[in-house]
Amino acid sequence: MALGKKAETRDMVLTEVDRRRIAHRLQLLEQRLTHYPEPLVTVRLTPHPTERQTQVDPRVRLGPEGADLISHHAAETIDRAVALAIDDVLCRQEHHHSALPHAASFGAPSRGEAREHRRQPVRKEDKHHERE
């Protein structure tokens, strides 16, 4: 499904380059959210002139009854702040997806399997025979 996009700039004037970079990051996000029904992303850009930073707060709703993925990042440039925030949302989406019942466990062995492969302790008698 197509990603719904909404941006709140809060009295900021974005250059065409900034708009294209934000659109590119949102396109990457859209590729990862194709399997969710009606995903919606809202990006809020807040300038902090005294700190010379821009804060970016993306909120991704994974469908009408889906979870919300939220991030907050600030950086000196708009592009860097958006990149950090969208990367964080992608990481959160991956963790959310891995927590679903049908998802794989990322290859981590369960505790039961780990016990089978434990090394058995060496007895003192065995150490004595090894020296000879």
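Residues numbered from 1 in each chain as written. Predicted model: local features only at pLDDT ≥ 70, side-chain atom pairs only at ≥ 80, totals over all residues. Heavy atoms only, no water.

A. Summary view of the overall build of the chain. Scanning the chain from terminus to terminus reveals 4 helices and 5 strands. Put simply, the chain runs from its N terminus to its C terminus through helices and strands in the order β-α-β-β-β-β-α-α-α. A total of 132 residues make up the chain; the buried ones form 26% of that total. The long-range share in the chain, meaning contacts at least 24 apart out of those at least 6 apart in sequence, stands at 50%. A total of about 9900 Å² of accessible surface is found on the chain, and carbon and sulfur atoms cover 49% of it. (Helix = DSSP H or I, 4+ residues; strand = E, 2+ residues; numbered from the N terminus. Buried < 20%, exposed > 50% of the residue type's maximum accessible area, 1.4 Å probe, protein only. Contact = heavy atoms within 4.5 Å. Areas by Shrake-Rupley, 256 points an atom, 1.4 Å probe, with all protein chains shown as cover.)

B. Summary view of helix α1 (residues 16-32). Helix length check: α1 (17 residues) gives 25 Å between terminal C-alpha atoms against 24 Å at 1.5 Å per residue, within 8%. Those residues of α1 that fall on the buried side of the exposure criterion are Asp 18, Ile 22, Leu 26 and Leu 29. Each buried residue of α1 lies within a common arc of 60° when the element is viewed along its axis, so the set occupies one face. Projecting away from the buried face of α1 at angles above 90 degrees are the exposed residues Glu 16, Arg 20 and Gln 31. Buried residues belonging to α1 abut β1 (4-8), β2 (39-48), β3 (53-62) and α2 (78-98). (Expected span 1.5 Å × (residues − 1). Arc of directions from axis to C-beta.)

C. Representation of the side chain of Gln 93 within the structure. Position of Gln 93 among the secondary structure elements: in helix α2. Among the polar contacts listed, one links the side chain of Gln 93 to the side chain of Tyr 36, at a separation of 3.3 Å. In contact with Gln 93, other than residues within four places in its own chain, are Arg 32, Leu 33, Tyr 36 and Leu 69. (Polar contact = N/O pair within 3.5 Å; in protein donor to acceptor, adjacent residues only side chain to side chain.)

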